[in-house]
Amino acid sequence: MRVILLGTGSPVTAPGKLFKSSDSVRANATTLIHAGRETLLFDAGRGVVNRLSAAGISGKVITAIFLTHFHSDHIVGLPDLWLTSRLNFAWGGREIPFEAWGPPGTPALMTAIAQAFTPDLDERPHDIRLPLVGHELDTNKMVWRRNGVTVTAFVVEHGTGSIPAYGYRIDYEGSSVLLSGDTCYHENVIKYGKGVDLLVHEVIVVHPGLLKRRPDLLRIFNIHTSPEQAGRIFSLTKPKLAAYTHIIFFGGPAFSSPTPAPTTRDLISQTRKSYKGPLAVGFDLMSFDVIAGKVAVHRPPRQSAVRA
Ligand SMILES: [Zn+2]
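Residues numbered from 1 in each chain as written. Predicted model: local features only at pLDDT ≥ 70, side-chain atom pairs only at ≥ 80, totals over all residues. Heavy atoms only, no water.

Trainee: What is the right way to read the side chain of Thr152 from this model?
Mentor: Along the polypeptide, Thr152 turns up in strand 8 (residues 149–156). For Thr152, a relative accessible area of 15% translates into the label buried. With near-sequence residues (within four places) excluded, Thr152 lies in contact with Met142, Val143, Gly167, Tyr168, Arg169 and Tyr192. (Helix = DSSP H or I, 4+ residues; strand = E, 2+ residues; numbered from the N terminus. Buried < 20%, exposed > 50% of the residue type's maximum accessible area, 1.4 Å probe, protein only. Contact = heavy atoms within 4.5 Å.)

Trainee: Explain the packing of aromatic side chains here, please?
Mentor: For the structure on display, the rule yields 11 aromatic pairs. Both rings, one in Phe42 and one in Tyr168, keep their centres 5.4 Å apart while their planes meet at 55°; by these two values the pair is tilted. Taken together, the residues span a long stretch of sequence, with Phe42 in strand 3 (residues 38–42) and Tyr168 in strand 9 (residues 165–172) at a distance of 126 residues. On the accessibility criterion, Phe42 (3% relative accessible area) is buried. Its relative accessible area of 0% is what places Tyr168 among the buried residues. Their ring planes at 10° and their centres at 4.8 Å tell us that Phe154 and Tyr192 sit as a pair that is stacked. With Phe154 in strand 8 and Tyr192 in helix 7 (residues 187–193), this residue pair connects regions lying 38 residues apart in the sequence. For Tyr192, a relative accessible area of 24% translates into the label partly exposed. Feature note: the residues Phe42, Phe66, Trp101, Trp144, Tyr166 and Tyr168 constitute an aromatic cluster, connected by ring pairs. (Phe/Tyr/Trp six-rings, centres within 6.5 Å; stacked < 30°, edge-to-face > 60°.)

Trainee: Sorry, what's going on with the sheet that holds strand 7 (residues 143–146) here?
Mentor: Two pairing modes exist for strands in a sheet, parallel and antiparallel, and in both the strands are linked by backbone hydrogen bonds. On the basis of which strands lie adjacent, the open sheet formed by seven strands has the order 7-8-9-10-11-12-13 and mixed pairing. On the outer flanks of this sheet lie strand 7 and strand 13 (279–281), each paired with one strand and no other. Across this sheet, the average inter-strand angle for adjacent strands is 20°, counted without regard to direction. Examined bridge by bridge, strand 9 and strand 10 (residues 175–179) share five bridges and lie antiparallel to one another. Residue pairing across strands places Tyr168 opposite Leu179, the latter belonging to strand 10. Running at roughly 160° to strand 11 (residues 198–206), helix 10 (residues 227–237) makes contact with strand 11, strand 12 (241–250) and strand 13 of the sheet. (Pairing = 2+ DSSP bridges. Axes fitted to C-alpha atoms, helices over the stretch in contact; angles between N-to-C directions.)

Trainee: Sorry, what's going on with the coordination of the zinc ion here?
Mentor: Every protein donor of the zinc ion is accounted for by Asp73 (OD), His74 (NE2), Asp182 (OD) and His246 (NE2), and the metal-donor separations fall at 2.1 to 2.2 Å. Written as a sequence motif, the donor arrangement for the zinc ion is D-H-x107-D-x63-H. Placement of the pair is Asp73 in helix 3 (residues 72–75) and Asp182 in the loop between strand 10 and helix 7, with a sequence separation of 109 residues. When sorted by exposure, Asp73 lands in the same class as Asp182, which is buried. (Donors = N, O, S within 2.8 Å, 3.2 Å for Na, K, Ca; no water.)

Trainee: Honestly, the side chain of Thr160 in this entry has me stumped. Any pointers?
Mentor: Locating Thr160 in the fold gives a position in the loop between strand 8 and strand 9. Only 2.6 Å separates the side chain of Thr160 from the backbone oxygen of Ile163, close enough to count as a polar contact. In this view, Thr160 contacts His69, His71 and Ala165; residues no more than four positions away in its chain are not counted. (Polar contact = N/O pair within 3.5 Å; in protein donor to acceptor, adjacent residues only side chain to side chain.)

Trainee: Is there a simple way to explain the pairing of strand 12 in this structure?
Mentor: In regular strands, side chains alternate between the two faces of the sheet. Of all 10 residues in strand 12, 10 are buried; the element is thus mostly enclosed. Both strand 11 and strand 12 contribute to a ladder of eight bridges, which runs parallel. Each residue of the ladder has a partner; that of Val203, found in strand 12, is Ile247.

Trainee: Can you walk me through the pattern of salt bridges in this structure?
Mentor: When their charged atoms lie close together, side chains carrying opposite charge are able to pair. Within the structure shown, the criterion is met by nine salt bridges. When the shortest N-O distance is used, the salt bridge between Asp289 and Arg2 registers 2.9 Å. Placement of the pair is Asp289 in strand 14 (residues 287–291) and Arg2 in strand 1 (residues 2–7), with a sequence separation of 287 residues. Measuring nitrogen to oxygen at the nearest pair gives 3.6 Å for the salt bridge that ties Arg86 to Asp120. Of this pair, Arg86 sits in the loop between helix 4 (78–85) and strand 5 (98–102) while Asp120 is found in helix 6 (residues 118–123), placing the two residues 34 residues apart along the sequence. Through salt bridges that share partners, Arg86, Asp120 and Arg124 make up one connected network. (Salt bridge = Lys/Arg side-chain N within 4 Å of Asp/Glu carboxyl O.)

In structure tokens, the structure reads:
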């Protein structure tokens, strides 16, 4: 399997700090997995089309989409992906419907997106009519299988009320990858993540003191996982490699905070309090080859101005 972190950020951006804030240069958390004949997209957030293009992947090759939950940073790129894929240009030209699987409500979401863009579709009849189809995963089975690839959904906790949020485990030819989705510390990540090759987890890093000054942020903090908690999960599951995505740095200008935003160094040092094993801090377009029980990391060339 090849795993590509197309986006590794959060909904937050910092206006005016494009090349200084790691929040503003990361696209929303979105992950692509090539496994045999399948190319699976997990969520579609802000920047998904740009990141796919940068990775040299067109809209034609995606065979299935999986959604973790319906927060905007996980679905806001869906219309862009769908509409750009239907244009008769090099990147697009897709003729096979997009099919998305996810929590209850996924079919209604796809119908609503399609309806919202009816004027665009009507005014550009020369482009491909590309259906957008939603499926709810069967809550009794929570399993999707095709061409030797198994995707297993599991429930996590992200304050999404009556609509559950999902994490996903992907298995192919003896290799395994787990994506936590957005969640606080959750036993299901440990249950499904035991011994996986690659465990990709979300994380929130908060500057000490910020939550005291901004108690309103506690609600958000409580539906995510701290580095120390993620470290505990990594220690219990023992993946060949643990990697972070959906990295939320709480602090700095985006939060009108007088203290600077936490850094990747803070993220690593806080993780190391509870985990000593292999760790990668994700960055957009970082990729992993997961083959025969081994995980190789490919880091994108970074512009010096966009260091996390
Ligand atoms: Zn999110």
